[in-house]
Amino acid sequence: MKEIGVGILGFGTVGAGVAEGLLRNRKLMAERLGVDIALKGIADLDITTDRGVAAPDGVLTTDAPAVIADPDIRIVVETIGGTGVARKFVMDALNAGKCVVTANKKLLAEHGREIFDTAAKNGVDIYFGASVGGGIPIIRVLREGLAGNQIESVHGILNGTCNYILTRMENEGAGFDAVLKDAQRLGYAEADPSLDIDGFDTAHKACILAALAYGFQPTLDQVQVEGIRNLDGMDVRYAADFGYRIKLLAVVARDGDEVEVGVHPTLVPFTHMLASVNGVFNAAMVKGDMSDYTMYYGRGAGRAPTASTVVGDIGDIARNLAHGETRYTRAVPSYAEGKVRLRAAGDIASAFYLRFMLADRPGAFGTVATILGRHDVSISAASQKAGAEGAAEHVPVVALTHKAKASNLDAALAEIKASGVLAADPTRLRML
Ligand code: HSE
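Analysis parameters
- Residues numbered from 1 in each chain as written.
- Predicted model: local features only at pLDDT ≥ 70, side-chain atom pairs only at ≥ 80, totals over all residues.
- Heavy atoms only, no water.
- Axes fitted to C-alpha atoms, helices over the stretch in contact; angles between N-to-C directions.
- Helix = DSSP H or I, 4+ residues; strand = E, 2+ residues; numbered from the N terminus.
- Left-handed = near helix turned anticlockwise from the far one by under 90°.
- Contact = heavy atoms within 4.5 Å.
- Nonpolar A, V, L, I, M, F, W, Y, C, P; charged D, E, K, R; others polar.
- Domains from an automatic or database assignment.
- Buried < 20%, exposed > 50% of the residue type's maximum accessible area, 1.4 Å probe, protein only.
- 1 Å grid on protein atoms, 1.4 Å probe; cavity = no way out; pocket = protein on both sides within 12 Å on 5 of 7 lines; lining within 4 Å.
- Points joined across faces, edges and corners; volume = space filled by probe spheres on them.
- Pairing = 2+ DSSP bridges.
- Phe/Tyr/Trp six-rings, centres within 6.5 Å; stacked < 30°, edge-to-face > 60°.
- Lys NZ or Arg CZ within 6 Å of the ring centre and 35° of its normal.
- Near = heavy atom within 4 Å.
- Polar contact = N/O pair within 3.5 Å; in protein donor to acceptor, adjacent residues only side chain to side chain.
- Areas by Shrake-Rupley, 256 points an atom, 1.4 Å probe, with all protein chains shown as cover.
- Sits in = over half its atoms within 2 Å of the grid points.

S.K.: Is there a simple way to think about the packing of helix α14 (residues 364-374) against helix α15 (residues 406-418) in this case?
M.R.: As a packed pair, α14 and α15 sit with axes 9 Å apart at the nearest point and diverge in direction by 145°. Classified by chirality, the crossing of α15 by α14 is right-handed. Residue-level inspection shows V368, I371, L372 and R374 of α14 in contact with α15, the latter providing L409, A412, E415 and I416. Here the contact of α14 with α15 is built from residues that sort into six nonpolar, no polar and two charged.

As C-alpha cells, this is what we get:
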C-alpha cells in the first residue's frame, strides 16, 4: 500500500487533535482509503507542553520550514491560526508543491483568493473543511453534495462560543463574562475572544460559504457584522415571551444577482430547527433549488470534532495523491466574477424585534407607532413590560414588526430617538 507523509504546523488544540486522530485511526483509514497516512512531522515553537498525545519519536520539531521542505511530507496541515506566520507557511508549502489542509477561517476569509490562486498555479490541492462548522463537513456538502443546486440561502449558527454563551444566558440567566471564561477553558474560544463575541469569526465563515455558494467572496468590511457583546439578558427573556430564542446567525442568501452576507443576533421561533441548536453545537440550514431545505448539525468547535474534519480532508488528498491526481479545481470555489454583487444593507428586508425604553405617559407609544407607520414599518405585536425594568418613569416596550426594509426602519428609529420619548437608544434585532 502506498504511504503518504503528513506534517502538522501548530501543535495546539486542533493540531494535537489531528495528530491523535491520525495515529489512532491510521489502520482504519488505510483500510478505507487504500493509502497509508504516516505522520512524519509536527512543528511548534513549544514542543515541551504535554498535549495529551504521544508523538512518535523524532517527529516533534521547532523547525516548521524543515517540515515543509521534507521530501517525505506531501501534505502540510496548518493549525497555527491567524494570518501572520500561518499565511507565510501556507504559501511556502503550496509553492513547494505540497498539498495543504487548513482550518484557518480568518486566513481564507482575508486571503482566500491569493491562497487558492497559488494552489492552482502549483497544481496542488488546498482543503479547508474545518474552517466552517468544526466537525460538520458543510464545506464538502456545498462543494459536492449540493453541487447541482442553485443555492438560495444558507442560515448558520457557526460560532460555538457564542451559541454556548447564548444558551447558558437563556437557560441559567448566567452572566456573560463567566460563561465566556468557561468557553475559553473548554477550548472553544479564539485566542482573541473578541473574534467570537463581536461576530467576526462567524463573518469569516460566512465569507467562505458565500464563495462556495456563489463564487463571490466579500471582504470582511463589506459584511454587516453584529455580535452578542451588547446583548441584554432582558431581550433574551422578552424574546422568549414571544416564543423566540436569540441565536447569532450567519446569513448568506441570493436574490437575483444580489447576494446578502451578514451576521446578526436573530430571533428564531422555538419551533424552527435552528432554535434547537444549543451549547457549542453549530448548524447550517441550506436551501437549494432542487434539494429544498437540508440541515447539518454537529459540534462546531473543540479539539476532536474540528480535527475530525481536518483528518477527513487529509484522507481525501492522500487518496488522490496515491492515485496520482490532484483536484484543486474541484476543491476551491470557482469565482463568478461580476455575476453577483453584494446587496446594500439598507435594501435588506426582515421582520424586526424592537425594544424601546419608553416614557410612561399618554401618547408615547402612539408617537412610536405613528413614526414607524410613516416609514412603512408595520407592527405585528407589541407588549409593554410594565414596571419590569428601567428607570421608574420609563418602561420597556417591545414591538415586533412585519417584514420591513432596513433603511426604512433605521430612518424611523432615528426619528423616534429625536422625538424625546426614549430614555435610551432602541434595541433592534432581526427575526427569522
Ligand atoms: N472559536 C470558534 C467557535 C472555533 O467558537 O466556534 C471554531 O471555529
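S.K.: So what exactly am I meant to see when it comes to the domain arrangement of the chain here?
M.R.: Accessible area lost upon the coming together of the parts serves often as the stated size of an interface. On domain assignment, one finds that the chain holds domain 1 (3-134 + 303-322), domain 2 (138-299) and domain 3 (346-431). Each of domain 1 and domain 3 has a C-alpha centre, and these two points are 50 Å apart.

S.K.: Please clarify how unusual backbone geometry should be interpreted in this entry.
M.R.: Leaving glycine aside, a negative phi is the common case for residues, and trans is the common case for peptide bonds. Its identity as a non-glycine residue notwithstanding, D292 has a phi of 65°, on the positive side. In this fold, D292 is placed in strand β12 (residues 292-299). Even without being glycine, D376 reaches a positive phi, approximately 70°. As for its position among the elements, D376 is in the loop between α14 and β15 (379-384). The class for D376 is exposed, based on a relative accessible area of 61%.

S.K.: Please clarify how the layout of surface pockets should be interpreted in this entry.
M.R.: One water molecule sets the probe size; rolling that probe over the atoms shows where empty space is left. The volume enclosed by the largest pocket comes to roughly 780 Å³. Together, 40 residues line the largest pocket, and V14, G81, K105, A189 and E190 are the ones closest to its centre. For the lining of the largest pocket, the secondary structure elements donating two or more residues are α1 (13-24), α5 (105-122), α7 (160-172), α9 (194-197), α10 (200-214) and α12 (303-322). Partitioning the lining of the largest pocket into residue classes produces 10 nonpolar, 20 polar and 10 charged. Formed jointly, the lining of the largest pocket draws a minimum of three residues from each of two domains, domain 1 (3-134 + 303-322) and domain 2 (138-299). In this structure, the second largest pocket occupies an estimated 530 Å³ of space. Along its surface, the second largest pocket is lined by 25 residues, and H155, E260, A349, K403 and R430 are the ones closest to its centre.

S.K.: Even after reading the chapter, I still don't get the sheet that holds strand β1 (residues 3-9), so can you show me in this structure?
M.R.: Two strands in a sheet stick together by hydrogen bonds in their backbones, pointing the same way (parallel) or opposite ways (antiparallel). The parallel open sheet is built from six strands, whose spatial order is β3-β2-β1-β4-β5-β6. Two strands in the sheet have a free side with no partner beyond their single neighbour: β3 (60-61) and β6 (126-127). On the sheet, α1 packs against β1 and β2 (36-43) and is oriented at approximately 150° with respect to β2.

S.K.: When you look at the packing of aromatic side chains in this model, what are you seeing that I'm missing?
M.R.: Aromatic ring pairs are reported here in terms of the distance separating the ring centres and the angle at which the planes meet. Summed over all chains, the structure comprises three aromatic pairs. With 5.3 Å between their ring centres and 45° between their planes, F116 and F128 make a pair best called tilted. Of the two residues, F116 sits in helix α5 while F128 sits in the loop between β6 and α6 (138-145), which places them 12 residues apart along the sequence. Assigned by exposure class, F116 and F128 land together as buried. Here the aromatic rings of Y164 and Y188 are separated by 5.6 Å at their centres, their planes lie at 75°, and the arrangement is edge-to-face. Of this pair, Y164 sits in helix α7 while Y188 sits in the loop between α8 (176-185) and α9, and the two are 24 residues apart along the sequence. Taken individually, Y164 and Y188 each receive the classification buried, so the pair is uniform in this respect. The ring of Y127 has R143 lying over it, and the distance from NZ or CZ to the ring centre is 4.8 Å.

S.K.: In this structure, what is going on with the site of the ligand? I would like to understand it.
M.R.: The local shell around the ligand holds 13 residues, among which K105, G160, T161, Y188 and E190 are the closest. Within the side chain of K105, one N or O atom sits 2.6 Å away from an oxygen atom of the ligand. Here Y188 contributes a backbone N or O atom positioned 2.7 Å from a nitrogen atom of the ligand. Coverage of the ligand by the protein chains reaches 93% of its 260 Å² of free accessible surface. Assessed atom by atom at 2 Å from the grid points, the ligand resides in the largest pocket. Those elements that place two or more of their residues in the shell around the ligand are α7 and α10. Grouping the amino acids of the shell around the ligand by side-chain chemistry returns four nonpolar, four polar and five charged.

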